[in-house]
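What follows is each chain in one-letter form.
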Amino acid sequence: MKKTVELYEGKAKKVFDTDIEGVVIVSYKDDATALDGLKKGTIMGKGAINNRISNYLMQLLEKEGIPTHFVRELNDRETAVKKVSIVPLEVIVRNISAGSFSKRYGVEEGIVFEEPTIEFSYKNDALHDPLLNAYHAVALDLADKTEIQHIKLLAFRINYILKEFFKTRNIKLVDFKMEFGRLPDGTIVLADEISPDTCRFWDYDTNQKLDKDRFRRDMGGVEDAYEEMYRRVFG
Ligand code: UDP
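If you're wondering where the values come from, they're calculated on a predicted model, not measured in any experiment.

1. A closer look at the packing of aromatic side chains
Inspection of the entire model under this criterion finds 7 aromatic pairs. The interplanar angle of 55° and the centroid separation of 5.1 Å between the aromatic rings of Phe-101 and Phe-113 together place this pair among those described as tilted. With Phe-101 in helix α2 (residues 99-105) and Phe-113 in strand β10 (residues 112-122), the pair connects residues that are 12 residues apart, well separated along the chain. You'll find Phe-101 and Phe-113 in the same group, each marked buried. A ring pair is formed by Phe-166 and Phe-201, whose centres lie 4.6 Å apart and whose planes are at 45°; its orientation type is tilted. In this pair, Phe-166 is assigned in helix α4 (residues 145-168) and Phe-201 in strand β14 (residues 199-203), connecting sequence segments 35 residues apart. As far as the burial class goes, Phe-166 and Phe-201 line up, both buried. In this structure an aromatic cluster arises from ring pairing among Tyr-56, Phe-165, Phe-166, Phe-201, Tyr-230 and Phe-234. The ring centre of Phe-16 lies 4.4 Å from the NZ or CZ of Lys-3, which sits over that ring. Positioned above the aromatic ring of Phe-234, the side-chain terminus of Arg-52 is 4.7 Å from the ring centre.

2. What about the site of the ligand?
Taken together, 14 residues sit near the ligand, with Arg-94, Ser-100, Asp-175, Arg-200 and Arg-216 positioned nearest. Between Ser-100 and the ligand, the recorded distance is 2.6 Å, taken from a side-chain N or O atom to an oxygen atom. Thr-198 places a polar main-chain atom, nitrogen or oxygen, 3.4 Å from an oxygen atom of the ligand. Calculation on the ligand without its partners gives an accessible area of 510 Å², and the protein chains cover 75% of this total.

3. Regarding the sheet that holds strand β2 (residues 13-18)
One key point about sheets: their strands pair by backbone hydrogen bonds, in either a parallel or an antiparallel sense. In spatial order, the strands read β1-β2-β3-β7-β6; together these 5 strands make up an open sheet with antiparallel pairing. This sheet does not close on itself; its edge strands, each paired only once, are β1 (3-9) and β6 (70-73). On average, each strand axis in the sheet is inclined to that of its neighbour by 30°, with strand direction left out of account. Bridge count for β1 against β2 is 4 bridges, and the pairing is antiparallel. The residue of β2 that forms the bridge with Tyr-8 is Val-15. The strands touched by helix α1 (residues 46-63) are β3 (23-28), β6 and β7 (78-82); relative to β6, the strand with the most contacts, the crossing angle is about 130°.

4. As for the pattern of salt bridges
Going through the model one piece at a time under the given rule, you end up with 27 salt bridges. Between Lys-13 and Glu-193 there is a salt bridge, with the nearest N and O atoms lying 2.6 Å from each other. A residue pair is termed long-range when its members are at least 10 positions apart, and Lys-13 in strand β2 and Glu-193 in the loop between β13 (188-191) and β14 qualify at 180 residues. A residue is classified by how much of its surface remains accessible, and Glu-193, at 4% relative accessible area, is buried. Each of Arg-94, Glu-109, Glu-119, Asp-175, Arg-200, Lys-209, Asp-213, Arg-216 and Arg-217 takes part in one network of salt bridges that share partners.

5. Things to note about empty space enclosed by the protein
Under the criterion given, the structure shown has 1 cavity of 30 Å³ or more. Contributing to the lining of the largest cavity are Val-26, Tyr-28, Ser-54, Asn-55, Met-58, His-69, Phe-70, Thr-79, Val-81 and Asp-192. Among the secondary structure elements, those contributing two or more residues to the lining of the largest cavity are β3, α1 and β7. For the lining of the largest cavity, the element with the most residues is α1, which contributes 3 residues. Taken together, the residues of the lining of the largest cavity break down into 5 nonpolar, 4 polar and 1 charged.

6. So, the nonpolar core
Residues Ile-158, Leu-162 and Met-178 are the most contacted members of the largest nonpolar core, which totals 48 residues. Residue contributions to this core peak at 9 residues, all from α4. Setting aside its immediate chain neighbours within four residues, Leu-162 contacts Leu-57, Leu-60, Leu-61, Leu-173, Phe-176 and Ile-194. Ranked by size, the runner-up nonpolar core spans 5 residues in total, among them Val-15, Val-24, Val-26 and Tyr-28.

What counts, and where the lines are drawn
- Residues numbered from 1 in each chain as written.
- Predicted model: local features only at pLDDT ≥ 70, side-chain atom pairs only at ≥ 80, totals over all residues.
- Heavy atoms only, no water.
- Phe/Tyr/Trp six-rings, centres within 6.5 Å; stacked < 30°, edge-to-face > 60°.
- Helix = DSSP H or I, 4+ residues; strand = E, 2+ residues; numbered from the N terminus.
- Buried < 20%, exposed > 50% of the residue type's maximum accessible area, 1.4 Å probe, protein only.
- Lys NZ or Arg CZ within 6 Å of the ring centre and 35° of its normal.
- Near = heavy atom within 4 Å.
- Polar contact = N/O pair within 3.5 Å; in protein donor to acceptor, adjacent residues only side chain to side chain.
- Areas by Shrake-Rupley, 256 points an atom, 1.4 Å probe, with all protein chains shown as cover.
- Pairing = 2+ DSSP bridges.
- Axes fitted to C-alpha atoms, helices over the stretch in contact; angles between N-to-C directions.
- Contact = heavy atoms within 4.5 Å.
- Salt bridge = Lys/Arg side-chain N within 4 Å of Asp/Glu carboxyl O.
- 1 Å grid on protein atoms, 1.4 Å probe; cavity = no way out; pocket = protein on both sides within 12 Å on 5 of 7 lines; lining within 4 Å.
- Points joined across faces, edges and corners; volume = space filled by probe spheres on them.
- Nonpolar A, V, L, I, M, F, W, Y, C, P; charged D, E, K, R; others polar.
- Core = buried A, V, L, I, M, F, W, Y, C linked by side-chain atoms within 4.5 Å.

Right, here's the structure in full:
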């Protein structure tokens, strides 16, 4: 498989077209942004760690019957994935209060929910990814009703699988963000990445943060946290 043209450069990844129909290559960068792009930096080694963790999790999910964009890991930083059209929604599932949930509703971090929650944001940088509900998403034609219903079911199932997996690694999956894409035939698949950039991971015993919050909140030990998550996943 050969890279042809660069299709897109985002904050943490580049996407290249390939000589194979329907397949693109994602290349993970060490660049990190936070706080709506206001904070920029580099997390050494992050690209390779996120690439490998995300691929591991996508394959785990595939084994459990979740359709994903994953095709094949090419090297440390690069992975071949199915070309999809991204549904412009950030789908966030939470098991424990943290981050914007705690801020918005004025509650402490660390409240374990009886049931997981789900929320959607409109993926739109100019509007700063506003929160919206399923009716808004349908009204804006971001997805149809059936797709939203399907995405919800997939999101909760993915949460269950990942939560159970991370428990075996002594990690609490606090919350995480997913993106879904459509294949040419309309099938919805899990896309983007699942990594310490897009999940909150807390050590099961100490609640030590092992994710991008260390970067967002200038806590130090950012690289160490990513490396620790790599070790927890791969043993
Ligand atoms: N998240 C993400 N990208 C975003 C916003 C959030 O990957 O643009 C992830 C984040 O890492 C966390 C979860 O989604 O695991 C919930 O984030 P939250 O809404 O609490 O926002 P934050 O506090 O990160 O601004």
